[in-house]
Amino acid sequence: MAGATAALLTGGATALLAGCSSDGDGADGRASAERGLRESAGRDSARLLERYDATIAAHASLAQRLRPLRAEVARHAEAFGPDPQASPSASATAPPAAPEVPGDENAALAALADAERRTADARTAALGSAPPDLARLLASVAAAGAAHAYLLTGGGA
């Protein structure tokens, strides 16, 4: 009888562990998907930040107008977590080339507005696969990006 009880307990423990590990795999998968969305959004913000920096470097006369928007983009990058380009795996690759900036100020602003729109659209598209907290962050940052695009194209000026 003791052997049967031990077998029953062992079988029950195995079933519990299997149940826990399969739930854990689901949780790990969700955490991994969320981490991927966060990293992608962080990389998008980092690229957008590079575009702001390149535009300010190419057109110093736009610096005062662009600095507040750039500061918000920097906060957005921080909100998505650590800089994904600072990770050990990313440091092994060559850094991306600086974005090209049109020589004309209006064209440079239009290119920056287009980058803001594309980034906001990507974040909006990711909402359906994001967990609630990340979805709220993505939606908020996408809305800010759309507002930046509006301001960059002369809206509210």
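Residues numbered from 1 in each chain as written. Predicted model: local features only at pLDDT ≥ 70, side-chain atom pairs only at ≥ 80, totals over all residues. Heavy atoms only, no water.

## So, the overall build of the protein
Item 1. Across its full length, the protein carries five helices and zero strands.
Item 2. Listed N to C, the secondary structure of the protein is α-α-α-α-α in terms of helices and strands.
Item 3. Across the 157 residues of the protein, 30% fall into the buried class.
Item 4. When contacts within the protein are restricted to residue pairs at least 6 apart in sequence, those whose partners lie at least 24 apart make up 77%.
Item 5. In the form shown here, the protein has an accessible surface area of approximately 9,200 Å², with 60% of it arising from carbon and sulfur atoms. (Helix = DSSP H or I, 4+ residues; strand = E, 2+ residues; numbered from the N terminus. Buried < 20%, exposed > 50% of the residue type's maximum accessible area, 1.4 Å probe, protein only. Contact = heavy atoms within 4.5 Å. Areas by Shrake-Rupley, 256 points an atom, 1.4 Å probe, with all protein chains shown as cover.)

## Considerations on the pattern of salt bridges
Item 1. In total, this model carries five salt bridges according to the counting rule given.
Item 2. Across the pair Glu34 and Arg38 runs a salt bridge whose closest N-O atoms are separated by 3.5 Å. Of the two residues, Glu34 and Arg38 are both situated in helix α1 (residues 2–58); the distance of four residues between them amounts to about one turn of the helix.
Item 3. With a relative accessible area of 24%, Glu34 lands in the partly exposed category. (Salt bridge = Lys/Arg side-chain N within 4 Å of Asp/Glu carboxyl O.)

## Details of the nonpolar core
In summary, soluble globular proteins display a tendency toward joint burial of nonpolar side chains.
Item 1. Leu48, Tyr52, Leu66, Val73, Leu109, Leu112 and Leu152 are the most contacted members of the largest nonpolar core, which totals 16 residues.
Item 2. Mapped onto this core, the elements with two or more residues apiece are α1, α2 (63–79), α4 (105–125) and α5 (132–152).
Item 3. Among the elements that take part in this core, α2 stands out by supplying five residues, more than any other.
Item 4. With residues near it in sequence (within four places) discarded, Val73 still touches Ser45, Leu48, Leu49, Tyr52, Glu116 and His148. (Core = buried A, V, L, I, M, F, W, Y, C linked by side-chain atoms within 4.5 Å.)

## What to know about the packing of α4 against α5
Item 1. One can describe the packing of α4 onto α5 by two numbers: an axis separation of 8 Å at closest approach and a directional angle of 160 degrees. The angle between the axes of α4 and α5 places the two elements in the roughly antiparallel class. Where α4 crosses over α5, the two elements pack in a sense that is left-handed. Of α5, the residues touching α4 (which contributes Leu109, Leu112, Ala113, Glu116, Arg117, Ala120, Arg123 and Thr124) are Leu138, Val141, Ala142, Gly145, Ala146, His148, Ala149 and Leu152. (Axes fitted to C-alpha atoms, helices over the stretch in contact; angles between N-to-C directions. Parallel < 35°, antiparallel > 145°, perpendicular 65-115°, else oblique. Left-handed = near helix turned anticlockwise from the far one by under 90°.)

## Points about α4
Item 1. Compared with an ideal rise of 1.5 Å per residue, which puts 21 residues at 30 Å, α4 spans 30 Å between its outermost C-alpha atoms and is within 8% of the ideal.
Item 2. Along α4, the positions that sit buried rather than exposed are Ala108, Leu109, Leu112, Ala113, Ala115, Glu116, Thr119, Ala120 and Arg123. Taken down its axis, α4 places every buried residue within 155 degrees of arc, on the same side. Residues of α4 that are exposed and angled more than 90 degrees away from the buried face: Asn106, Asp121 and Ala125. (Expected span 1.5 Å × (residues − 1). Arc of directions from axis to C-beta.)

## Comments concerning the confidence of the model for the protein
Item 1. Across the protein, the average pLDDT comes to 80, with 71% of residues at or above 70.
Item 2. In this model residues 88–92 is a low-confidence stretch, pLDDT under 50, and it forms three contacts with partners more than four residues away in sequence or in other chains. (pLDDT = per-residue confidence, 0-100.)

## Thoughts on the packing of α2 against α5
Item 1. Their axes nearest at 11 Å, the elements α2 and α5 cross at an angle of 165 degrees. Of the possible angle classes, the one that applies to α2 and α5 is roughly antiparallel. Classified by chirality, the crossing of α5 by α2 is left-handed. For the pair formed by α2 and α5, the contact residues are Arg65, Leu66, Leu69, Glu72, Val73, His76 and Ala79 on the first element and Leu137, Val141, Ala144, His148, Leu151 and Leu152 on the second.
Item 2. Along the lines of polarity and charge, the residues of the contact of α2 with α5 split into nine nonpolar, two polar and two charged. (Nonpolar A, V, L, I, M, F, W, Y, C, P; charged D, E, K, R; others polar.)

## Notes on the environment of Ala147
Item 1. Note that Ala147 resides in helix α5.
Item 2. With 31 residues separating them along the chain, Ala147 and Glu116 place their C-alpha atoms 8.9 Å apart.

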